[in-house]
Amino acid sequence: MHRKLSYILQVMRQRGLTFFWIYFKESVLFDIRNGTQTSSRVPKNEQQISSGKVEQDDGLLYVASFTSVTRDTTQIARDLLGAERFRTAQFFDLGCGKGKALFVYAQTYSGKYLYPAIGIEYDAGLADLANANLSKMGLGDAIRIVADSATNLKSYLNSDCAIIYLYNSFQGETLRTVLEVLRPIPHVLIYVDPAEKDVLGEFGYQIKTSRRGRYNADTWLVATSSIDGSVGHDAG
């Protein structure tokens, strides 16, 4: 609690009251309403990483998704796919951390998707926290959280189509490996804080819409894979 308060005070000093209000509304308020613990960030040096050295080097700190960003971008994915294909598309949060984006997705689209949403997190400690939060949310079988590498995502895929949510959880070789694994799978990619968006063209993505926000947390893009032309159309 003391560390969380220290972080809040630090943010107020560095970014001012405006950001503090946005952070409260988009992150802290979710935890207050749901009794969860998702909003405090976890620096990389405090993570419990058991993956290989490449993934350790490529991984970044955990930061909770803004509630409105998850809702807005998944709605765009639904518009691109159409209601029926959205229902059968499986949602993946790669580098899910404490589970925030998964919970917002499950709350927003309760009863509107067929397969469990999958959260993959390479930090076993964070995965445990996400599962503890999941128990508090009472979402049952709507979500599954696993401690694993995002490069193994195909092991958890039940659908022939996916929605991939990525909040700049990893970069470099790991990102390229994940995009290569995704290449044959029709999917919509939601990339928040898209630090390496220039890589997407190499893998045949078409960026459908994007937003340059005031902060990293509300800057994002939504893209579709080119393996199946019926995945989506331009959002307007």
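Visitor: Help me out: how do you make sense of the nonpolar core in this one?
Guide: One recurring pattern in soluble globular proteins is that nonpolar side chains are buried together. Within the largest apolar cluster, 42 residues are counted, with the highest numbers of intra-cluster contacts made by Leu-102, Phe-103, Tyr-105, Ile-143, Ile-145, Ile-163 and Tyr-165. Of all elements in the fold, only helix H1 (2–34), helix H3 (67–81), helix H5 (100–108), helix H6 (124–137), strand S3 (143–147), strand S4 (162–167), strand S5 (187–192) and strand S7 (220–224) reach the threshold of two or more residues within this core. Apart from residues no more than four positions distant in its own chain, Tyr-165 is found in contact with Ser-65, Val-69, Thr-70, Thr-73, Phe-91, Phe-92, Asp-93, Leu-94, Ala-101, Ile-190 and Val-192. Formed by 26 residues, the second largest nonpolar core is a distinct cluster that contains Leu-94, Ile-118, Ile-164 and Phe-203.

Visitor: Please clarify how the sheet that holds strand S6 (residues 206–211) should be interpreted in this entry.
Guide: For sheets, the rule is that strands pair by backbone hydrogen bonds, running either parallel or antiparallel. Read across the sheet, seven strands follow the order S3-S2-S1-S4-S5-S7-S6 without closing on themselves; strand pairing throughout is mixed. Each having just a single partner strand, S3 and S6 make up the two edges of the open sheet. Across this sheet, the average inter-strand angle for adjacent strands is 15 degrees, counted without regard to direction. Alignment of S5 against S7, held across five bridges, turns out to be antiparallel. Bridge assignment links Leu-189 to a residue of S7, and that residue is Ala-223.

Visitor: Can you help me understand the pattern of salt bridges in this one?
Guide: Proximity of charged atoms lets side chains of opposite charge pair with each other. In this structure the tally under the stated criterion is four salt bridges. A salt bridge links Arg-87 to Glu-84; its shortest N-O distance comes to 3.2 Å. Linking Arg-87 with Glu-84, this pair stays in helix H4 (residues 83–88), spanning three residues, or about one helical turn. For Glu-202, the salt bridge identified is with Arg-176, shortest N-O distance 2.6 Å.

What counts and how
Residues numbered from 1 in each chain as written. Predicted model: local features only at pLDDT ≥ 70, side-chain atom pairs only at ≥ 80, totals over all residues. Heavy atoms only, no water. Core = buried A, V, L, I, M, F, W, Y, C linked by side-chain atoms within 4.5 Å. Buried < 20%, exposed > 50% of the residue type's maximum accessible area, 1.4 Å probe, protein only. Helix = DSSP H or I, 4+ residues; strand = E, 2+ residues; numbered from the N terminus. Contact = heavy atoms within 4.5 Å. Pairing = 2+ DSSP bridges. Axes fitted to C-alpha atoms, helices over the stretch in contact; angles between N-to-C directions. Salt bridge = Lys/Arg side-chain N within 4 Å of Asp/Glu carboxyl O.

Bear in mind that shape data such as this cannot, by itself, settle questions of function.
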